[in-house]
Amino acid sequence: MSETENTTISTNELEARMQKAENIRIRDGVVWKDKFDRSHKIAEARTLPDGSAVKLCGRVTALRWLGKLMFGRLYDIEGEIQFSMSREEIGEQDYKFMKSNVDMGDFIGVTGELYHTTAGELTVRVSHYDILSKALRPLPEKFHGLTDMESRYRQRYLDIISNSDSRNALLGRFKMTQNLRDFMNKNGFLEIETPIMQNIASGAAAKPFVTHHNALNADFQLRISPELFLKMAIGAGFDRVYEVAKDFRNEGMDAMHLQEFTMIEWYAAYWDYKRNIDFTWEMITDLIMKARGTLQIEYQGTKLDFSKYEMIDYTAKMNELFGCNILDFEDVDILRQKLVDEGMFPASELEDLKSLATLVDYVYKRKIRNQIVQPTFLYNYPTYMVPLARHNSEDDRRLDMYQLLVYGGELCKGYSELVNPIHQVQAFADQAKSIADGEQEAFNPDNDFVRAMEHGFPPISGVGLGIDRLAMIVFNQPTTRDVILFPIMK
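First, a word on what this report is: a plain description of the structure on this page.

About the thresholds
- Residues numbered from 1 in each chain as written.
- Predicted model: local features only at pLDDT ≥ 70, side-chain atom pairs only at ≥ 80, totals over all residues.
- Heavy atoms only, no water.
- Pairing = 2+ DSSP bridges.
- Helix = DSSP H or I, 4+ residues; strand = E, 2+ residues; numbered from the N terminus.
- Axes fitted to C-alpha atoms, helices over the stretch in contact; angles between N-to-C directions.
- Buried < 20%, exposed > 50% of the residue type's maximum accessible area, 1.4 Å probe, protein only.
- Phe/Tyr/Trp six-rings, centres within 6.5 Å; stacked < 30°, edge-to-face > 60°.
- Lys NZ or Arg CZ within 6 Å of the ring centre and 35° of its normal.
- Salt bridge = Lys/Arg side-chain N within 4 Å of Asp/Glu carboxyl O.
- Core = buried A, V, L, I, M, F, W, Y, C linked by side-chain atoms within 4.5 Å.
- Contact = heavy atoms within 4.5 Å.
- Parallel < 35°, antiparallel > 145°, perpendicular 65-115°, else oblique.
- Nonpolar A, V, L, I, M, F, W, Y, C, P; charged D, E, K, R; others polar.
- Lys, Arg positive; Asp, Glu negative; His and termini not counted.
- Polar contact = N/O pair within 3.5 Å; in protein donor to acceptor, adjacent residues only side chain to side chain.

With respect to the sheet that holds strand E9 (residues 218–222)
Here comes step 1: With antiparallel pairing, three strands are arranged side by side in an open sheet as E7-E9-E8. Bordering the open sheet on either side are strand E7 (197–198) and strand E8 (210–213), each of which pairs with just one other strand.
Here comes step 2: In this sheet, E9 lies alongside E7 in antiparallel orientation, the contact comprising two bridges. Among the inter-strand pairings, Gln198 is bridged to a residue of E9, identified as Gln221.

Let's talk about the sheet that holds strand E3 (residues 79–86)
Here comes step 1: Strand order in the closed barrel formed by five strands is E1-E2-E3-E5-E4, and the pairing between neighbours is mixed. Adjacent strand axes in the sheet meet at a mean angle of 55° when their direction is disregarded.
Here comes step 2: In this sheet, strand E5 (residues 122–133) lies alongside strand E4 (residues 107–116) in antiparallel orientation, the contact comprising ten bridges. The residue bridging Val110 from the neighbouring strand is Tyr129, located in E5.

Things to note about unusual backbone geometry
Here comes step 1: Phi is positive for Gln300, which is not a glycine, with a value near 50°.
Here comes step 2: Within the secondary structure, Gln300 sits in the loop between strand E12 (296–299) and strand E13 (302–305).
Here comes step 3: A relative accessible area of 36% means that Gln300 is categorised as partly exposed.
Here comes step 4: Positive phi outside glycine occurs at Tyr407, with the angle close to 55°.
Here comes step 5: Looking at where Tyr407 falls in the secondary structure, it is placed in the loop between strand E16 (398–406) and strand E17 (409–416).

Description of the pairing of strand E11 (residues 260–269)
Here comes step 1: Extensive coverage of E11 is indicated by the burial of nine of its ten residues.
Here comes step 2: Both strand E10 (residues 240–248) and E11 contribute to a ladder of nine bridges, which runs antiparallel. Along E11, the bridge assignment pairs Val241 with Tyr267.
Here comes step 3: With seven bridges connecting them, E11 and strand E18 (residues 460–466) associate as antiparallel partners. Residue Tyr267 lies in a different strand from E18, and its bridge partner there is Gly462.

What to know about the packing of aromatic side chains
For any two aromatic rings, the description comes down to two numbers: the centre-to-centre distance and the angle of the planes.
Here comes step 1: All chains considered together, the criterion is met by 17 aromatic pairs.
Here comes step 2: Aromatic side chains Trp281 and Phe306 sit 6.1 Å apart centroid to centroid with 25° between the ring planes, which places their arrangement in the stacked category. Residue Trp281 is found in helix H9 (residues 273–292), and its partner Phe306 is found in the loop between E13 and strand E14 (310–313); the two are separated by 25 residues along the sequence. Each of the two residues, Trp281 as well as Phe306, counts as buried.
Here comes step 3: Through successive ring pairs, a cluster of aromatic residues spans Phe183, Phe189, Trp266, Trp271 and Phe279.
Here comes step 4: Against the face of Phe36 rests Lys55, its NZ or CZ located 5.2 Å from the ring centre.
Here comes step 5: Sitting over the ring of Tyr115, Arg125 keeps its end group 3.9 Å from the ring centre.

Notes on the pattern of salt bridges
Here comes step 1: Evaluated as defined, the whole model comprises 35 salt bridges.
Here comes step 2: Its salt-bridge partner being Arg25, residue Glu22 comes within 2.6 Å of it at the nearest N-O pair. Of this pair, Glu22 and Arg25 are both found in helix H1 (residues 3–28), three residues apart, which corresponds to roughly one turn of the helix.
Here comes step 3: Given the relative accessible area of 39%, Arg25 is considered partly exposed.

Some details on the nonpolar core
Here comes step 1: Judged by nonpolar contacts, the single largest core of 49 residues is most densely connected at Met318 and Val386.
Here comes step 2: Counting residues per element, the ones that place at least two in this core are helix H8 (227–236), E11, helix H10 (314–322), helix H11 (332–341), helix H13 (356–367), strand E15 (376–382), E16 and helix H15 (447–454).
Here comes step 3: In contact with Val386, other than residues within four places in its own chain, are Leu399, Met401, Lys413, Tyr415 and Phe443.

Considering the environment of Leu170
Here comes step 1: Mapped onto the secondary structure, Leu170 falls in helix H7 (residues 164–186).
Here comes step 2: Residue Leu170 is classed as buried on the basis of its relative accessible area, which comes to 2%.
Here comes step 3: In sequence terms Leu170 and His128 are 42 residues apart; their C-alpha atoms lie 33 Å from each other.
Here comes step 4: Ignoring sequence-local partners within four residues, the contact set of Leu170 consists of Arg156, Ile160, Asp482, Val483, Ile484 and Leu485.

Notes on the packing of H10 against H13
Here comes step 1: At a minimum axis separation of 11 Å, H10 and H13 run at an interaxial angle of 85°. On the basis of their axis angle, the class for H10 and H13 is roughly perpendicular. Together, Tyr314, Met318, Leu321 and Phe322 of H10 and Val360, Asp361, Val363, Tyr364 and Lys367 of H13 make up the contact between the two elements.
Here comes step 2: Residues belonging to the contact of H10 with H13 are distributed by class as follows: seven nonpolar, no polar and two charged.

Observations regarding the side chain of Asp305
Here comes step 1: Topologically, Asp305 is positioned in strand E13.
Here comes step 2: An unpaired buried charge is present at Asp305: no salt bridge exists, and Lys308, the closest side chain of opposite charge, is 4.2 Å distant.
Here comes step 3: A polar side-chain atom of Asp305 sits 2.8 Å from a polar atom in the side chain of Gln296.
Here comes step 4: At 2.6 Å, the side chain of Asp305 and the side chain of Ser307 are in polar contact.
Here comes step 5: Asp305 has contacts with Leu295, Gln296, Gln374 and Pro375, leaving out every residue within four places of it along the chain.

Interpretation note: all reported values are geometric properties and have no functional meaning in isolation.
Structure (structure tokens):
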């Protein structure tokens with residue numbers, strides 16, 4: 001069918017529905033009503049016994065006319081239910097008006113009682129109906145749903161109506177976020193808010209977006225993490241804080257990365273990273289049990305077992321791969337040349353990696369990360385990897401830090417926080433040097449944060465967890481876009 005034919009059909013459909021809307025206006029006075037006093041949501045009605053009186057409403061997703069009897073289906077985000085109308089029960093005039101003027105996609109309210117058909121399906125026997133809203137455009141053809149991914153993301157509302165997998169994943173994701181907040185609140189954490197527009201976006205190794213503030217005539221950066229502000233709140237006396245935060249990173253896109261994404265970050269005074277490993281695992285298993293009812297789930301054909309986790313010493317694993325102790329190196333050029341000499345990578349592939357942190361991380365991501373499938377905590381990182389993490393008391397070359405990996409994806413990163421302002425100044429100076437050397441994803445130094453630390457911080461441990469990635473795993477979706485209601489599109 002040509003584009004012109006498609007357009008003609010759409011125009012004819014629109015004109016027909018506009019005429020039906022006019023018919024409704026003539027009969028009811030108003031086409032798009034202001035309210036309907038329902039007695040139950042559809043999911044609630046499905047728990048009631050036969051004979052219960054109900055007033056339900058929703059979108060019409062099926063219509064089947066059988067002479068003097070018809071069957072249809074009502075939809076809302078949490079369920080569907082069948083309804084039936086007979087010409088004898090609602091009257092010939094109303095029956096004919098329904099048949100002539102209500103289409104799939106319209107919103108209606110029905111009043112009646114519940115019963116089971118001879119086929120065993122719960123149904124509302126309608127005694128009265130109200131047309132609540134006329135849809136001028138039809139649902140996807142034959143209600144088979146949208147199959148083109150571009151259309152699914154751009155018209156997410158249709159995707160949710162017609163694709164149960166999308167609907168269940170997105171509904172599950174938002175309920176998971178609600179459960180996450182409940183878990184944090186139950187454990188004594190307070191949800192606070194921090195700025196999205198910042199003078200200096202810091203707290204992660206990422207390139208920020210820049211925006212202009214007209215009233216102040218100044219450029220600001222969109223936050224890449226709320227970390228520094230949350231730690232300053234700890235310094236102010238809030239012992240346990242968290243934020244469900246929209247973050248923005250001006251980087252590449254793939255199945256696990258989008259420029260706008262949602263994280264939860266939490267910080268607890270007087271905790272160390274080991275306490276946060278336990279807390280992280282308790283949180284994630286609690287969320288999975290509430291969402292799936294089991295800790296053994298399947299992701300993209302792979303069985304994942306969240307009843308246990310593995311522990312990997314990051315530095316030991318990297319030493320094994322490099323054939324040397326990566327803590328002994330201070331010069332990135334020497335370590336880079338060693339990789340080239342041993343034939344692990346060509347020189348051209350490594351020449352743009354300007355710091356030890358980016359070089360080691362590059363090797364890790366290409367040689368180790370994708371091999372980790374089952375839930376695994378990596379710990380014991382070199383000091384140069386993160387400038388905001390606390391140095392280990394027994395070995396200043398190591399960080400008290402961990403990451404949780406599942407199916408080759410990093411779900412969260414946590415550490416005992418650096419609260420020594422002298423070390424923090426030096427760490428930021430090293431980052432400034434990396435930026436000067438052309439490192440685009442170094443941490444931006446923040447003097448206001450250092451000043452706050454100089455006034456004194458207690459011991460702190462914090463974690464950042466990617467909600468989109470976790471939902472992707474929990475609800476078995478191939479990309480983060482599939483668990484974001486309205487993903488960014490070009």
